[in-house]
Amino acid sequence: MTDRGRHLPIVGSTVRHLAWQDEEDTRRFAEQLAARPALRDAFIALHGDLGAGKTTFVRHLLRALGVAGRIKSPTYTVAEPHETATGTAWHFDFYRFDDPREWEDAGFRDTFAQPGLKLAEWPGKAAGLLPVADLDLHIEAAPDGDGRAVTLVAHTARGEALLP
């Protein structure tokens with residue numbers, strides 16, 4: 001099955017807006033998301049400026065999925081696998097991704113074709129190579145400067161099942 005076949009887009013997209021006042025809100029959302037069965041094989045693309053909270057969210061989500069020990073950002077390695085109670089979760093950070101040949105050389109096409117959760121920071125750097133995300137999660141500083149404004153956009157039925 002192709003990458004696109006695993007993540008069939010739905011007509012239109014469903015959008016939800018959230019406000020995270022502090023890191024505790026981020027943790028709570030991650031725990032709620034971790035409890036959803038659809039997460040097991042989802043692809044979530046994380047968008048936001050440096051320091052927006054993408055990696056913090058991923059750490060809370062992986063902790064909620066049972067990952068123990070240090071959870072480091074894959075900024076230099078591009079990808080880090082983690083074993084969770086429900087299977088493998090891959091954390092990608094494409095910030096330093098420059099060459100599409102890296103995609104093939106690293107076997108990312110095969111990784112995305114396998115079952116398991118995929119979380120990708122800076123997905124725009126791998127545009128055209130990634131499958132359709134089930135859920136886009138946009139994190140930015142709240143307009144009032146207090147907390148984070150979060151926009152969730154579901155592109156597939158699986159993404160819809162992940163929405164609060």
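This text follows the structure it describes.
So, here's what we can say about the structure. (Residues numbered from 1 in each chain as written. Predicted model: local features only at pLDDT ≥ 70, side-chain atom pairs only at ≥ 80, totals over all residues. Heavy atoms only, no water.)

## A word on the side chain of H60
Okay, step 1: Structurally, H60 can be placed in helix α3 (residues 54–64).
Okay, step 2: Judged by relative accessible area, which is 16%, H60 ranks as buried.
Okay, step 3: Ignoring anything within four residues of it in the chain, the contact list for H60 reads E23, T26, R27 and A30. (Helix = DSSP H or I, 4+ residues; strand = E, 2+ residues; numbered from the N terminus. Buried < 20%, exposed > 50% of the residue type's maximum accessible area, 1.4 Å probe, protein only. Contact = heavy atoms within 4.5 Å.)

## What about the pattern of salt bridges?
Okay, step 1: Applying the stated rule across the entire model yields 6 salt bridges.
Okay, step 2: One salt bridge in this structure joins R27 and E24, with 1.9 Å as the shortest N-O distance. Here the residue R27 and the residue E24 both occupy positions in helix α2 (residues 23–34), the gap between them amounting to 3 residues, near one helical turn.
Okay, step 3: Across the pair K72 and E80 runs a salt bridge, and its minimum N-O distance is 3.7 Å.
Okay, step 4: What makes E80 buried here is its relative accessible area of 13%. (Salt bridge = Lys/Arg side-chain N within 4 Å of Asp/Glu carboxyl O.)

## Side note on unusual backbone geometry
Okay, step 1: Positive phi is not limited to glycine here, since V78 has a value of about 75 degrees.
Okay, step 2: One can find V78 in the loop between α3 and β3 (79–84).
Okay, step 3: Judged by its relative accessible area of 10%, V78 is buried.
Okay, step 4: We note that W122 has phi near 55 degrees; this positive angle belongs to a residue other than glycine.

## As for the pairing of strand β4 (residues 87–93)
Okay, step 1: Relative to β4, β3 runs antiparallel, the two being bridged by 6 bridges. Its bridge partner lying in β4, A79 is registered against F92.
Okay, step 2: The antiparallel pairing of β3 with β4 creates a hairpin that spans 2 residues between the two strands.
Okay, step 3: One ladder, built from 5 bridges, connects β4 with strand β5 (residues 117–121); its direction is parallel. For A89, the partnering residue across the bridge sits in β5 and is L117. (Pairing = 2+ DSSP bridges.)

Interpretation note: all reported values are geometric properties and have no functional meaning in isolation.
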